[in-house]
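# Close look at the chain arrangement
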Amino acid sequence: FLFLSRPILSNGERIGTVYIQSDLQEMYVRLKGYALIVGGVLAVSLLTAYRVSAALQENISRPLLDLARTAKNVSEEKDYSVRAATGNRDEIGLLVETFNEMLSQIQTRDAALQKTQDELEQGVKERTLSLEQEVGERKRAEVFLDSIVENIPNMIFVKEAKELRFVRFNKAGEVLLGYTREDLLGKNDHDF
């Protein structure tokens, strides 16, 4: 109950008291009704928010998370044949399609680079084998030439073109001049 009392005055004298008592049961019933309405609106709002959130999760978050996982796998594994799952035809679907297109281009370029690298490696192997054969032939020819030059009874020497320094002497040259190769090599006529 709600109680209210006020004095009654007449010419400044108190002649009585007014006492009012009100039953608050109706107000409590009304407040309970309001609380039920607020609770119902809140429950409907939460349910609606949950459904909107679930729809957004399905249409936005899940494709973005799948795309992020695919990008991470591609980055870590370097496997450009992986594709992200395409879903809707909205902005996110366009993003996923563009990402997959980019992966296709990278995969094509990667395959072309791998093919070129394999061809280059094969070319290097072939050229290396050819050079090894050529070096072997030159060494055999050089050994043969050295043998001939060393065994010729006449003096043979070779000078470099610019400063005319001796770069090669045979045994006959050492005997004829009376110097060893170590004395002659790297020097020119003026040094003697």
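As a reminder, the structure under discussion sits directly above these lines.
The following refers to the structure shown. This one's a predicted model, so the numbers in the text were calculated from it and none came from an experiment. (Residues numbered from 1 in each chain as written. Predicted model: local features only at pLDDT ≥ 70, side-chain atom pairs only at ≥ 80, totals over all residues. Heavy atoms only, no water.)

### Looking at the overall build of the chain
Along its length, the chain carries four helices and four strands. Counting from the amino terminus, helix and strand elements in the chain follow one another as β-β-α-α-β-β-α-α. The globule rule puts the C-alpha radius of gyration for 192 residues at 16 Å, and the 52 Å found for the chain is more than 25% above it. Restricting the contact set of the chain to residue pairs at least 6 apart, pairs at least 24 apart contribute 19%. Carbon and sulfur atoms provide 58% of the accessible area of the chain, an area that totals close to 15600 Å². If you average the places of the 25 positive and of the 30 negative side-chain charges in the chain, the two averages end up 6 Å apart. (Helix = DSSP H or I, 4+ residues; strand = E, 2+ residues; numbered from the N terminus. Rg over C-alpha atoms; globule rule 2.2 N^0.38 Å. Contact = heavy atoms within 4.5 Å. Areas by Shrake-Rupley, 256 points an atom, 1.4 Å probe, with all protein chains shown as cover. Lys, Arg positive; Asp, Glu negative; His and termini not counted. Charge placed at Lys NZ, Arg CZ, Asp CG, Glu CD.)

### Notes on the nonpolar core
Nonpolar side chains in soluble globular proteins tend to be buried together. Counting seven residues, the largest nonpolar core consists of L67, V74, A84, I92, V96, F99 and L103. Counting only elements with at least two residues in this core, the list comes to α1 (25–77) and α2 (91–151). Element by element, the count of residues in this core is highest for α2, at four residues. (Core = buried A, V, L, I, M, F, W, Y, C linked by side-chain atoms within 4.5 Å. Buried < 20%, exposed > 50% of the residue type's maximum accessible area, 1.4 Å probe, protein only.)

### Some points on the pattern of salt bridges
Scanning all chains against the criterion turns up nine salt bridges. The salt bridge involving D146 is made with R168; its shortest N-O contact spans 1.7 Å. Here D146, found in helix α2, pairs with R168, found in strand β4 (residues 166–169); they are 22 residues apart in sequence, far enough to count as distant. Taking relative accessible area as the criterion, R168 reaches 30% and is therefore assigned partly exposed. Note that E150 is salt-bridged to R181, the shortest N-O span being 2.6 Å. (Salt bridge = Lys/Arg side-chain N within 4 Å of Asp/Glu carboxyl O.)

### Description of unusual backbone geometry
For N11, which is not glycine, the phi torsion reads 50 degrees and is therefore positive. Its location among the elements puts N11 in the loop between β1 (2–10) and β2 (13–22). A positive phi angle is found at K78, which is not glycine, with a value near 55 degrees.

### Quick word on the packing of aromatic side chains
Evaluation of the coordinates by the stated rule reveals five aromatic pairs. Aromatic side chains F1 and F3 sit 6.4 Å apart centroid to centroid with 45 degrees between the ring planes, which places their arrangement in the tilted category. Centre to centre, the rings of F157 and F166 are 5.5 Å apart; their planes meet at 75 degrees, and the pair counts as edge-to-face. On the basis of relative accessible area, F157 is assigned to the partly exposed category, the value being 38%. Owing to a relative accessible area of 6%, F166 belongs among the buried residues under this scheme. (Phe/Tyr/Trp six-rings, centres within 6.5 Å; stacked < 30°, edge-to-face > 60°.)

### What about the packing of α1 against α2?
Interaxial distance between α1 and α2 falls to 10 Å at its minimum, and their mutual angle equals 15 degrees. Accordingly, the angle class assigned to the pair α1 and α2 is roughly parallel. Judged by the twist between their axes, the crossing of α1 over α2 is left-handed. Residues N59, I60, P63, L64, L67, T70, A71 and V74 of α1 lie in contact with α2, whose contacting residues are I92, L95, V96, F99 and L103. A breakdown of the residues in the contact of α1 with α2 according to their chemical character gives eleven nonpolar, two polar and no charged. (Axes fitted to C-alpha atoms, helices over the stretch in contact; angles between N-to-C directions. Parallel < 35°, antiparallel > 145°, perpendicular 65-115°, else oblique. Left-handed = near helix turned anticlockwise from the far one by under 90°. Nonpolar A, V, L, I, M, F, W, Y, C, P; charged D, E, K, R; others polar.)

### Points about a nonpolar patch on the surface
On the surface, M27, Y28, L31, Y34, I37 and V41 cluster together to form a nonpolar patch covering roughly 620 Å² of accessible area. Looking at the element boundaries, V41 is found in helix α1. (Patch = residues over 30% accessible without salt bridge, like charges linked within 9 Å, V, L, I, M, F, W, Y side chains within 5 Å.)

### Section: the side chain of N100
Among the structural elements, N100 can be located in helix α2. A residue is classified by how much of its surface remains accessible, and N100, at 10% relative accessible area, is buried.

### Some details on the environment of R30
Along the chain, R30 falls in helix α1. Under the relative-accessibility criterion, R30 is labelled partly exposed at 45%.

### Description of the pairing of β4
Sheet analysis places strand β3 (residues 157–159) next to β4, joined by three bridges and oriented antiparallel. By the bridge assignment, F157 is partnered in β4 with F169. The antiparallel hairpin formed by β3 and β4 contains six residues in its connecting segment, where L164 sits at a positive phi of about 55 degrees. (Pairing = 2+ DSSP bridges.)

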